[in-house]
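Survey of secondary and tertiary structure
The primary structure of each chain is shown beneath.
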Amino acid sequence: MGRPSSSRVDHWVSPGATLMWPWTHLGFGYLLVSLLWRLRARRVDGAVAVAAALGTQFPDLVDKPLAWAFGVLPAGRSLAHSVVTAAVVSAVVLYVAGRRDRADPALAFVVGYGSHLAGDALPKLPAGEFDSLTFLLWPLLPLPDYDGADPVVANFAEVAAEPVASLLTSPDRLALLVLVVALWGADGFPGVAGLGRYLTRVKSGKIE
């Protein structure tokens, strides 16, 4: 099993590793959801967009705080990054949402969740970094060995500082951003209106 990393960024030790960041996960996931909804001749509404966004971040929202801050998990890619967990969570979400007639947001969450795992795995395939993908079957397989020893605050500082640097040095990420924003605009910027209404209610004191 990989080394515990309760206070480290989980960087695979191979020099060919490609990191996915929250915004690239978000963009990739929304791209898949938007295209899928077009194939289904459906419109991406605010609930679908929010559910997709949550799904794209869900594995990191679970694993990284529990690993980096609390040391409960052995690495920031472990429990929620496993397809075993993903299958169970997705099945529960789809079942509960189906009983409440919320199938579309549930499906968007599942697609977003799956896109996160795919986004972490696909960049490693061209370099043949198959040993770095064992997190997908944790705990059935041991975790990869991760590199890095920054404090938790430094981990989040690195994440916060990355957007500009990644866009300036990665034309593919910039192209993804342009494509996703274009699709989001074509979909009518779903989710913006709901956020605006929420902020208005907060400002008016109706939500504390």
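Reference entry: report on the structure contained in this document. (Residues numbered from 1 in each chain as written. Predicted model: local features only at pLDDT ≥ 70, side-chain atom pairs only at ≥ 80, totals over all residues. Heavy atoms only, no water.)

Of the consecutive residues W138 and P139, the connecting peptide bond is found in the cis state with omega at 10°. Tracing the backbone shows P139 in the loop between α4 (103-121) and β2 (146-147). Its identity is not glycine, yet A41 carries a phi of approximately 55°, on the positive side. When you line up the elements, A41 lands in the loop between α1 (22-39) and α2 (46-69). For F189, which is not glycine, the phi torsion reads 50° and is therefore positive. As for its placement among the helices and strands, F189 is situated in the loop between α6 (171-186) and α7 (192-204). Residue F189 is classed as partly exposed on the basis of its relative accessible area, which comes to 40%. (Helix = DSSP H or I, 4+ residues; strand = E, 2+ residues; numbered from the N terminus. Buried < 20%, exposed > 50% of the residue type's maximum accessible area, 1.4 Å probe, protein only.)

Its place among the elements puts S82 in the loop between α2 and α3 (83-99). With relative accessibility at 0%, the residue S82 sits in the buried group. When the C-alpha positions of S82 and P139 are compared, they lie 7.9 Å apart, and in sequence the two are 57 residues distant. What S82 contacts, discounting residues up to four positions off in sequence, is L117, F135, L136, L137 and W138. (Contact = heavy atoms within 4.5 Å.)

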